[in-house]
Structures are given as structure tokens and as C-alpha cells.
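Inside the fold
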Amino acid sequence: MVQLQQFMVVSYVHHCGGSLLTASYILTAAHCTTEVLKLQAQAGTVWSNSKVEGQRRNVIRMLGHSRYIQDGTTGPYDIGLALVEEPFLVDGVNVGIIPLLPDYYVHPSETDVMGFGKIDLDDTLPDRLRVVRCSLHPSNDCENDARTDAFCVGSAGATACQGDSGGPVVGTIDGVDWLVGLVSHGKQECGSGPIICTDVKFYEDWIKEAVHNLTFDTDEAVSTN
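Residues numbered from 1 in each chain as written. Predicted model: local features only at pLDDT ≥ 70, side-chain atom pairs only at ≥ 80, totals over all residues. Heavy atoms only, no water.

Another aspect to go through is the nonpolar core. Grouped together as the largest cluster of nonpolar side chains are 36 residues, with contacts concentrated most on Ile26, Leu27, Ala41, Val59, Leu81 and Phe88. Secondary-structure elements contributing two or more residues to this core are strand E1 (2-8), strand E2 (11-20), strand E3 (25-28), strand E4 (39-43), strand E5 (55-64), strand E6 (80-84), strand E11 (176-186) and helix H1 (204-224). Of the residues forming this core, the biggest block, 5 residues, is contributed by H1. Counting 14 residues, the second-largest nonpolar core is a separate cluster that includes Leu101, Val113, Ala160 and Trp178. (Core = buried A, V, L, I, M, F, W, Y, C linked by side-chain atoms within 4.5 Å. Buried < 20%, exposed > 50% of the residue type's maximum accessible area, 1.4 Å probe, protein only. Helix = DSSP H or I, 4+ residues; strand = E, 2+ residues; numbered from the N terminus.)

Structure (C-alpha cells):
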């Protein structure tokens, strides 16, 4: 679990969630990848915006899917990458890289959704990471049309909310935790029903290409300065 934090006036506050894909790359939602914000990433702590725990890194590049439309609503292609200035120190205990669910596994019927997003209708943000077990539903339980690039999980009281966007959706198979998806969007009223999650398996090729492009672009920028 990675916290993407936005600088506001004098300090960093929670913005979105993410998953550590490599020591330098964070997978998140496209609607979280805005270049106009000054962001940092924090990993290695279950406490929100901790000043003493975990590791913090400056976010230097953001890349959202080119077909995602920033129009005030959240739709298809809601996936993006963030690149940090210096790699996280991955020890496999406090900070770990989570693998993407392989093609040979069927999507698990239950997943763990986690995040630091709002927990009630009063816009309360938790001090500590929240994790909820969610069951898989047909996609049209979340939206009118079934989508191949996303899936539907959760129910009233067991779901996600604003601020959980981009956070990991994890399935455990044969004792191994796999990144199955990331939180995209849900109902306007927090906790009132299931949520749509971007299916990382569907975007595996895009993820590989995006990592390559960000790496190449960043190396080129450094060499020309």
C-alpha cells in the first residue's frame, strides 16, 4: 500500500492510494495522475500521513492512460503510473512489491480492498489503513453495461469511498497475495453499494509499455540537461 500525498499550503495530505509495482513505480488510478499537483509517495506505514514512520519519496512523473477522459466523471481506462525520484528500499517486510495476477489464475471470488479514504458521510478520514473483504459481483451490478476492463466488488457497508481511489485490490491464491485491481469509482454516497475496480490483468500490456516509456523519457530528460 502506497499513499500518494498532495502538498497543501504547509504540509502533505492524503490524495490517492497506489501499489508498489517496482521500487520506483507506483500503479494508481488515471484520475489521480495530475501533473499540476505537487505529490509525494509514502510507503512502509499503516498510519495516514505519518511524519515519523515509513519512507517518503518525491513523485517526479505521472502518466495516465491516454484514452482516459478527465471530464469530471470516472470511466474506462482509469489506470496510471507514478515515478518517484529515488527508489524505495524494499525489504519485503515493511515495504514490498506486489505481483500482478497472472493469466493462468481465475479472478478470485473475494478480494481485500484497502485505503485511507473517507469512512463515513461526515467525510471523516481514518488515522490508520483500513482493509475490507469484498465479494465479486457481475459488472452490471455496478454499472448498466458490463465492462471487460473492470470488475465489481463490495456491498453496502463493505466498500470504498473518496480517497481510496488508486488503492490496491488484493486477492490471495495458494498463500500468495496478488494485485488483482485498483479502486476506480463507486456510488456518490459512501458505503451505499459496490464499487468498480480497474482490472490490472486487462491492462498488463499497457503497464509494461508505460513503465518502458516513462523510464525512457526520464532518462532522455536527464541526459539532455
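After that view, the rundown keeps rolling.
Our focus in this paragraph is the state of the cysteines. The final tally for this structure, using the stated rule, is 1 disulfide. With its sulfur 2.1 Å from that of its partner, cysteine 16 forms a disulfide with cysteine 32. Judged by the sign of its S-S torsion, about -80 degrees, the cystine formed by cysteine 16 and cysteine 32 is left-handed. Within this pair, whereas cysteine 16 is found in strand E2, its partner cysteine 32 is found in the loop between E3 and E4, the two being separated by 16 residues in sequence. For cysteine 16, a relative accessible area of 5% corresponds to the buried category. With no disulfide of its own, cysteine 134 lies closest to cysteine 197 among cysteine sulfurs, the gap being 7.5 Å. With relative accessibility at 1%, the residue cysteine 134 sits in the buried group. (Disulfide = S-S within 2.5 Å.)

Close approach of charged atoms lets side chains of opposite charge pair. This model, assessed by the stated rule, comprises 3 salt bridges. Two residues, arginine 133 and glutamate 110, come together in a salt bridge whose shortest N-O distance is 3.6 Å. Here glutamate 110 lies in strand E7 (residues 110-115) and arginine 133 lies in strand E8 (residues 130-137), a separation of 23 residues in the sequence. Here glutamate 110 falls in the partly exposed class, since its relative accessible area comes to 41%. Between aspartate 112 and arginine 133 there is a salt bridge, with its nearest N and O atoms 2.5 Å apart. Of this pair, aspartate 112 sits in strand E7 while arginine 133 sits in strand E8, placing them 21 residues apart in sequence. (Salt bridge = Lys/Arg side-chain N within 4 Å of Asp/Glu carboxyl O.)

Another point: the environment of aspartate 78. Relative to the elements of secondary structure, aspartate 78 occurs in the loop between E5 and E6. Exposure remark for aspartate 78: the relative accessible area of 0% places this residue in the buried category. Residue contacts for aspartate 78: discarding those within four places in its chain leaves Ala29, Ala30, His31, Tyr68, Leu182, Ser184 and Thr198. Within the structure, aspartate 78 has its side chain in polar contact with the backbone nitrogen of alanine 30 (distance 2.9 Å). (Contact = heavy atoms within 4.5 Å. Polar contact = N/O pair within 3.5 Å; in protein donor to acceptor, adjacent residues only side chain to side chain.)

Let us now look at the environment of arginine 57. Mapped onto the secondary structure, arginine 57 falls in strand E5. Given a relative accessible area of 12%, arginine 57 falls into the buried group. Sequence separation of arginine 57 and isoleucine 195 is 138 residues, and the distance between their C-alpha atoms is 29 Å. In this structure, arginine 57 is in contact with Gln40, Ala41, Val84, Glu86, Pro87, Phe88 and Leu89, ignoring residues within four places of it in sequence. Polar side-chain contacts of arginine 57 include one of 3.1 Å to the backbone oxygen of glutamate 86.

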